[in-house]
Amino acid sequence: MTTAPAAATPDDRAAEAPVRPRKFRPEVQALRALAVLLVVIYHIDPEVLPGGYIGVDVFFVISGFLITGHLWREVSTTGSVSLKKFWAARARRILPASLVATVATILISLVVLPPNLVAIWWRQALASVLYVENWALAADAVDYQAASNDPTAFQHFWSLGVEEQFYLVWPLLVLLAVGIWGGARGGRMVKNPETLRRILLVVFGAVLAASFVWGVWQSLAGDPVAYYSTLTRVWELAAGGILALLIKDTQRLGPLRNTMAVFGAATIVAAACVLNDGTPFPGFAALAPVLGACAVILAGRTSGPGSLRTVTESWGVQRIGDISYSLYLWHFPVIVFFGVYTGRSPKFTDVMVILLASFAMAIASYVLVEQPVRSIRWFRADGRLLVASLVAMLLVAALTLTMPWKLQGIVERWDANAQAVDAAVTVPKGIEQDFAPFVDGLTGIAPNPIKAADDLDPEVRECQSGQSATETTRCEFGVTDNPTATVAVVGDSHAAVLTEPIITVAEERGWRVVTYLHSACPYSADSQTGDESYVDACNEANAQTRVELRESAPDLVVTTYHESNRFVARGSEEFAGAAGLAEVWNELGDQGSQVVVLRDTPGARGDAVACVNKNYSDPSECDLSRDRALAGRDVVPAALEAAPRVRVGDFTDYFCDEKTCHAVIGNVLVYRDADHVSATYVNQLTDRLRKVLPQAL
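Residues numbered from 1 in each chain as written. Predicted model: local features only at pLDDT ≥ 70, side-chain atom pairs only at ≥ 80, totals over all residues. Heavy atoms only, no water.

**So, the overall build of the protein chain**
When you go through the protein chain residue by residue, the secondary structure sums to 28 helices and eleven strands. If you line up the protein chain on its principal axes, its C-alpha atoms span 115 × 60 × 55 Å. In the protein chain, which comprises 697 residues, the proportion classed as buried is 52%. Partitioning the intrachain contacts of the protein chain with sequence separation of at least 6 by distance along the chain shows that 81% fall at a separation of at least 24. Accessible surface for the protein chain amounts to roughly 31,400 Å². Of this, 59% is attributable to carbon and sulfur atoms. Here the protein chain contributes 56 positive and 71 negative side-chain charges, whose respective centroids are spaced 17 Å apart. (Helix = DSSP H or I, 4+ residues; strand = E, 2+ residues; numbered from the N terminus. Buried < 20%, exposed > 50% of the residue type's maximum accessible area, 1.4 Å probe, protein only. Contact = heavy atoms within 4.5 Å. Areas by Shrake-Rupley, 256 points an atom, 1.4 Å probe, with all protein chains shown as cover. Lys, Arg positive; Asp, Glu negative; His and termini not counted. Charge placed at Lys NZ, Arg CZ, Asp CG, Glu CD.)

**Let's talk about the packing of helix α2 (residues 26–44) against helix α15 (residues 348–375)**
Remark: α2 packs on α15, axes separated minimally by 11 Å, with the N-to-C direction vectors making an angle of 140°. One way to sum up the angle between α2 and α15 is to call them oblique. Viewed along their axes, α2 and α15 form a crossing whose handedness is right-handed. Where α2 abuts α15, its residues L37, V40 and I44 lie against V351, I354, L355 and F359. Looking at the contact of α2 with α15, its residues break down into seven nonpolar, no polar and no charged. (Axes fitted to C-alpha atoms, helices over the stretch in contact; angles between N-to-C directions. Parallel < 35°, antiparallel > 145°, perpendicular 65-115°, else oblique. Left-handed = near helix turned anticlockwise from the far one by under 90°. Nonpolar A, V, L, I, M, F, W, Y, C, P; charged D, E, K, R; others polar.)

**Looking at the state of the cysteines**
Note: disulfide means a covalent bond formed between the sulfur atoms of two cysteine side chains. For the coordinates displayed, the defined rule picks out four disulfides. Bridging C463 to C475, the disulfide has an S-S length of 2.0 Å. Disulfide C463-C475: torsion about the S-S bond near -100°, hence left-handed. Separated by twelve residues along the polypeptide, C463 in the loop between α19 (458–462) and β1 (464–465) and C475 in strand β2 (residues 474–478) bring together distant segments of the chain. Across this residue pair, the class does not change: C463 and C475 are buried. Each disulfide pairs two cysteine sulfurs, and for C611 the partner residue is C622, the sulfurs being separated by 2.1 Å. Every disulfide takes its handedness from the sign of the S-S torsion; for C611 and C622 that torsion is -85°, giving left-handed. Placement of the pair is C611 in helix α24 (residues 608–614) and C622 in the loop between α24 and β7 (624–625), with a sequence separation of eleven residues. (Disulfide = S-S within 2.5 Å.)

**Some points on the packing of helix α5 (residues 115–129) against helix α17 (residues 402–419)**
Close contact between α5 and α17 brings their axes to 9 Å; oriented N to C, the two are set at 155°. Classified by the angle their axes make, α5 and α17 are roughly antiparallel. Crossing geometry of α5 relative to α17 is assigned as left-handed. In this structure, α5 uses P115, V118, A119, W121, W122 and A125 to contact α17, whose residues at the interface are M403, P404, L407, I410 and W414. Partitioned by chemical class, the residues of the contact of α5 with α17 number eleven nonpolar, no polar and no charged.

**Overview of the nonpolar core**
I54, W121 and F204 are the most contacted members of the largest nonpolar core, which has 125 residues in total. Residues contacting W121, with those up to four places away along its chain left out, are S109, L113, P151, T152, A153, F154, V336, F337, V340 and M403. The next biggest cluster of nonpolar side chains, apart from the first, holds 48 residues, and it includes V487, W511, C661 and L689. (Core = buried A, V, L, I, M, F, W, Y, C linked by side-chain atoms within 4.5 Å.)

**With respect to the pairing of strand β6 (residues 594–598)**
Among the five residues that make up β6, four are buried, leaving the element largely enclosed by the rest of the structure. In this sheet, β6 lies alongside strand β5 (residues 556–560) in parallel orientation, the contact comprising four bridges. Along β6, the bridge assignment pairs T559 with V597. One crossover worth recording links β5 to the parallel β6 by way of helix α23 (residues 578–590), and it is right-handed. As paired strands, β6 and strand β8 (residues 647–649) are joined by three bridges and run parallel to one another. The residue of β8 that forms the bridge with L598 is G649. (Pairing = 2+ DSSP bridges. Right-handed = clockwise from strand over helix to strand, strands pointing away.)

**Thoughts on the environment of G79**
Here G79 lies in the loop between α3 (55–78) and α4 (83–112). Between the C-alpha atoms of G79 and V178, which are 99 residues apart in sequence, the distance is 7.2 Å.

**Some words on the environment of C656**
Within the element layout of this structure, C656 appears in the loop between β8 and β9 (660–661). For C656, a relative accessible area of 3% corresponds to the buried category. It is 9.0 Å that separates the C-alpha atoms of C656 and A629, two residues lying 27 residues apart in sequence. Dropping the residues within four chain positions of it, C656 is found in contact with F435, P602, R626, C661 and H662.

**What about the packing of aromatic side chains?**
Under the defined criterion, the tally for this structure stands at 20 aromatic pairs. Arranged with centres 6.1 Å apart and planes meeting at 85°, the rings of F60 and W158 form a pair that is edge-to-face. Here F60, found in helix α3, pairs with W158, found in helix α7 (residues 157–184); they are 98 residues apart in sequence, far enough to count as distant. The same class applies to F60 and to W158, which are both buried. Consider the rings of F655 and Y671, whose centres lie 6.5 Å apart with planes at 40°: the pair is tilted. (Phe/Tyr/Trp six-rings, centres within 6.5 Å; stacked < 30°, edge-to-face > 60°.)

**Some remarks on the pattern of salt bridges**
Throughout the structure, instances matching the rule amount to 29 salt bridges. The partner of D526 in a salt bridge is R570, and the shortest N-O contact between them spans 2.7 Å. On the criterion of sequence distance, the pair formed by D526 in the loop between β4 (511–518) and α22 (532–552) and R570 in the loop between β5 and α23 is long-range, its members being 44 residues apart. The buried category is assigned to D526, whose relative accessible area is 8%. A salt bridge links E583 to R570; its shortest N-O distance comes to 2.7 Å. Placement of E583 in helix α23 and of R570 in the loop between β5 and α23 is noted, with a sequence separation of 13 residues between them. Here the salt bridges do not stand alone but share partners, grouping D526, R546, R550, R570, E583 and E587 into one network. (Salt bridge = Lys/Arg side-chain N within 4 Å of Asp/Glu carboxyl O.)

**Here we look at α15**
In this model, α15 (28 residues) spans 40 Å end to end at C-alpha, consistent with the 40 Å of a helix rising 1.5 Å per residue. The largest bend along α15 measures about 35° and falls at Y366. Within the sequence span of α15, burial applies to D350, V351, I354, S358, A362, S365, Y366, V369, E370 and V373. The inward-facing, buried residues of α15 abut α2, α4, α13 (315–322) and α14 (324–342). (Expected span 1.5 Å × (residues − 1). Bend = angle between axes of the 7 residues up to and from the residue.)

**Examining the confidence of the model for the protein chain**
When the pLDDT values of the protein chain are averaged, the result is 90; 94% of them are 70 or greater. For residues 1–18, every residue scores under 50 in pLDDT, and the model assigns this stretch four contacts once sequence neighbours within four places are set aside. This stretch, residues 143–147, has a pLDDT under 50; its non-local contacts, to residues over four places away or in other chains, come to seven contacts. (pLDDT = per-residue confidence, 0-100.)

**Notes on the environment of A381**
When you line up the elements, A381 lands in the loop between α15 and α16 (382–399). The spacing of A381 and D249 is 132 residues in sequence and 33 Å in space, taken between C-alpha atoms.

**What to know about α13**
Where α13 is concerned, the buried positions are Q318, I320, G321 and D322. Against α2, α12 (309–312), α14 and α15 lie the buried residues of α13.

See the structure below:
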């Protein structure tokens, strides 16, 4: 006897019925809210959420998912993609709010920005307008002089540059797949688009695999370009794109989808808490936010026990999702301008003000710019909108030129002031007059603070090896034909700073000068702490330099280094690094070389040059207490105790009085950056060097 199957209940039939693709996905809007909040918190205080930068990766997945879904719906029904329509839609969505934010940031910059920052900000403003900010930052990341630049108010546009570049190329890949599809079908369109779907999956999968592998390789290799490169990021957008081709909306498997949504959201939050600026990125670590975002989207609109629906579809979360784009645009300029104006990190009350201002600007942008542009009839014509967008971009690009125009006027005025300064006369007077910043009624500073970074002997600069070099460049100066003696100058960039006055004394005494200068590489037998790749390169270079110095046995070796550097301790050594320094100094003495150790010049405020630019008429605002300027310098005294034959030169009294070390002395700018003395000032140490260096060799 057979039993008839039970009749399906209405609930069963509802669960099994196909669900039409949804035009609005509240879970995606909630992801936007989460992503932007992670980024905002990270930018305000990275210590609170050290991996908050992964919010950008969540945005990439969302963009890839939504854009590919849009392209798929069009191509699967029409057999093609209208590039004009697609790019116009992107321009309508992206450009108005971003250009308004850019214009406002430029105008504020013209009022509050110190002159030395204008050139950097202008370049990044222009790159942002053209949506290539990510490549501008990548170029800075590999530039030794620019790598430590403070962030500009345009820096967050790097991620928008990646997305815009994606929007340009992605529809072309879809059209490529259409061409392959048409060829496979003899050029005839078919009603069933599954073949096209499979071709797109192959194409997008190849992009994902190639980009992911490249991103892992570059990030593990420590390439600073990896973070900003479109080539290392596009796999994240491709992941969202592949998900858009595979996803099928359903009301089935509710408990599983609830678990998937919770897992995805938890993975994103955990990554934001665990990752940090030292994590190789975007490599394997980027899988966490990408897979987490994919899981939330794949779970769809959940319900029942364990669902996040109450939170994700709440009014507050959805409204933050609505304004997420504008909030991303506005929060970073607010944070950066706060730092530029106050010169300090925000306190709790400052954070509240920053958040209030950011949300207020975001809401205004959403209500007054984003929404009207989508509804005004004039903007609906695709061709007209594309032309208008191009014109608007060109006009804003032209507006950025007001920044270098303003800068040029200041440069010319300060150049004239600098030319009126005779450092040989004004510096001694300034020191005699209690380290007065200005003397003889002249309110001028040499070198021009805007050009301070370039105030280094160009020949010496060329002879300084980079941090990652495994060999130290050897150069010769002074009397190279029949010299009476040979002097070797050995050390890091702080030794390079003092090389020019050493050459001056050497030429007076008929000496040849041979330099072994290597950025961030003190001459020592011990390893430094820090980046392993740079430490290994320094160790290898120092080993080769030791061999050369043994073979050449110079009459005199002059050495110094940035005394803030730290070394790996030898056993229970009280002052890590002292033994390594003493070892190489004693080795030189044993081979017959006289050794002169020059104590490092006093430290400066980290923003010393920027501060002088901001306080040109009263640079005493930029001074630093003597205790702070000379803090942490116990290693060299300990090394000197173990190397009694070494002669010492100390220049502190050229920089500091009993309480303060000064940023400007006698109309001369003391520092050219955060810790290197300007060539104009260091040349005033020549008289002291004449006394410190042996009279004859």
